[in-house]
Amino acid sequence: MKVNKAELLISAVSRKQYPEDGLPEIALAGRSNVGKSSFINTMVQRKKLARISSKPGKTRTLNFYNINDELIFVDVPGYGYAKVSKKERAAWGPMMEEYISVREELRGVVQIIDVRHPPTADDIQMYQYLKYHQLPVIVIATKADKVSKNKRPKHVKQAKNDLQLDKEDKMILFSAETGQGKDEGWSAIQNLM
Ligand code: GTP
Ligand code: MG
């Protein structure tokens, strides 16, 4: 997909603030610092649209990005990061849960995992949670540039197995550094719209 327009619509903390234009939405999910914002930036070819962390836990609101007036990417705070305040952490669950359970525009979720390591318990729990809500999931195995080429297939196989990936769901090798997986990512996203 050729992206001509990519802009932040709103950083929301509750449903009253969600955009009302009815565009289909794709939400990002993944551990803190795994590369969710980098994924968005690579897909839309903007280096700084979504803020990238120097420190984990940078994204703390639901950030709605309008892409070409065709779809909205929703960047969400990462899970599994201990060093944010208790109060902030307590707010994340309900914020995510409210969005996932009420949002009719939500067509599917891009769940990002780090291909260097097996999925964590948090990753597995998140995938199960999304499946419980009957959402299509595209699993993006990112940071592929950090794993040697011949080892990548083994890591992907292991991750599919650990997550017990549904037959209908895809896992795509990706790198925000090299752009690997970008076209495949777009076609999977467009299939959900
Ligand atoms: P939070 O908003 O804190 O949850 O993080 P995030 O999931 O949005 O991660 P972010 O995109 O901010 O990236 C975290 C770090 O990983 C940054 O230093 C990125 O440059 C790096 N990173 C992201 N994707 C890749 C990748 O594909 N390859 C490599 N080598 N580094 C990456
Ligand atoms: Mg982020």
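Our structure's up above, just so we're on the same page.
Residues numbered from 1 in each chain as written. Chains lettered and ligands numbered in written order. Predicted model: local features only at pLDDT ≥ 70, side-chain atom pairs only at ≥ 80, totals over all residues. Heavy atoms only, no water.

Some words on the side chain of aspartate 75
And step 1. Here aspartate 75 is to be found in strand S4 (residues 71–75).
And step 2. There is a polar contact of 2.7 Å between the side chain of aspartate 75 and the side chain of serine 37. (Helix = DSSP H or I, 4+ residues; strand = E, 2+ residues; numbered from the N terminus. Polar contact = N/O pair within 3.5 Å; in protein donor to acceptor, adjacent residues only side chain to side chain.)

Things to note about the pattern of salt bridges
And step 1. With the rule as written, the count across this model stands at six salt bridges.
And step 2. A salt bridge links aspartate 69 to lysine 5; the nearest nitrogen and oxygen atoms lie 3.0 Å apart. One end of the pair, aspartate 69, is in the loop between strand S3 (62–67) and S4; the other, lysine 5, is in the segment before strand S1 (6–12), and 64 residues separate them in sequence.
And step 3. Under the relative-accessibility criterion, aspartate 69 is labelled partly exposed at 44%.
And step 4. Residue classification places lysine 5 among the partly exposed positions, given a relative accessible area of 29%.
And step 5. We note a salt bridge from aspartate 114 to arginine 116, for which the minimum N-O separation is 2.8 Å.
And step 6. Aspartate 114 gets classed as buried once you look at its relative accessible area, which sits at 7%. (Salt bridge = Lys/Arg side-chain N within 4 Å of Asp/Glu carboxyl O. Buried < 20%, exposed > 50% of the residue type's maximum accessible area, 1.4 Å probe, protein only.)

Description of the pairing of S3
And step 1. In terms of burial, S3 is largely enclosed, as six of its six residues are buried.
And step 2. Alternating positions in S3 separate into two faces, Leu62, Phe64 and Asn66 on one and Asn63, Tyr65 and Ile67 on the other, with burial throughout.
And step 3. With six bridges joining them, S1 and S3 adopt antiparallel strand pairing. From the neighbouring strand, serine 11 faces S3, where its bridge partner is asparagine 63.
And step 4. The pairing of S3 with S4 spans five bridges and is antiparallel. Bridged to phenylalanine 64 within S4 is valine 74.
And step 5. Connecting the antiparallel pair S3 and S4 is a turn made up of three residues, with asparagine 68 showing a positive phi of about 55°. (Pairing = 2+ DSSP bridges.)

Points about the packing of aromatic side chains
And step 1. Using the criterion set out here, one finds six aromatic pairs in the structure.
And step 2. Seen from their ring centres, tyrosine 18 and phenylalanine 64 are 5.5 Å apart, and the 45° between their planes marks the pair as tilted. Highlighted residues: tyrosine 18 in the loop between S1 and strand S2 (25–30) and phenylalanine 64 in strand S3, separated in sequence by 46 residues. In terms of burial, tyrosine 18 and phenylalanine 64 fall into one category: buried.
And step 3. For the ring pair phenylalanine 64 and tyrosine 99, a centre distance of 6.1 Å and an interplane angle of 75° mean the geometry is edge-to-face. Linking phenylalanine 64 in strand S3 with tyrosine 99 in helix H2 (residues 86–102), this pair joins segments that are 35 residues apart in sequence.
And step 4. A connected cluster of aromatic rings, assembled from ring pairs, spans Phe39, Phe73, Phe174 and Trp186. (Phe/Tyr/Trp six-rings, centres within 6.5 Å; stacked < 30°, edge-to-face > 60°.)

With respect to helix H4 (residues 152–163)
And step 1. Helix length check: H4 (twelve residues) gives 17 Å between terminal C-alpha atoms against 16 Å at 1.5 Å per residue, within 8%.
And step 2. Buried within H4 we find Arg152, Val156, Ala159 and Leu163. Along the axis of H4, the buried residues cluster in a sector spanning 65°; they form a single face. Seen from the open side of H4, the exposed residues pointing more than 90 degrees away from its buried face are Pro153, Lys154, Lys157 and Asn161.
And step 3. Along its buried surface, H4 packs onto strand S5 (106–114), helix H3 (121–132), strand S6 (137–142) and strand S7 (170–173).
And step 4. Glutamine 164 sits one or two positions beyond H4 and adopts a positive phi of about 50°. (Expected span 1.5 Å × (residues − 1). Arc of directions from axis to C-beta. Contact = heavy atoms within 4.5 Å.)

Regarding the nonpolar core
And step 1. The biggest cluster of nonpolar side chains holds 34 residues, and the ones touching the most others in it are Leu62, Phe64, Val74, Tyr99, Val139 and Met171.
And step 2. Among the elements that take part in this core, H2 stands out by supplying four residues, more than any other.
And step 3. Not counting chain neighbours up to four residues away, the residues in contact with valine 139 comprise Gln111, Ile113, Tyr127, Leu163, Leu165, Lys170, Met171 and Ile172.
And step 4. The next biggest cluster of nonpolar side chains, apart from the first, holds 24 residues, and it includes Met43, Phe73, Ile138 and Trp186. (Core = buried A, V, L, I, M, F, W, Y, C linked by side-chain atoms within 4.5 Å.)

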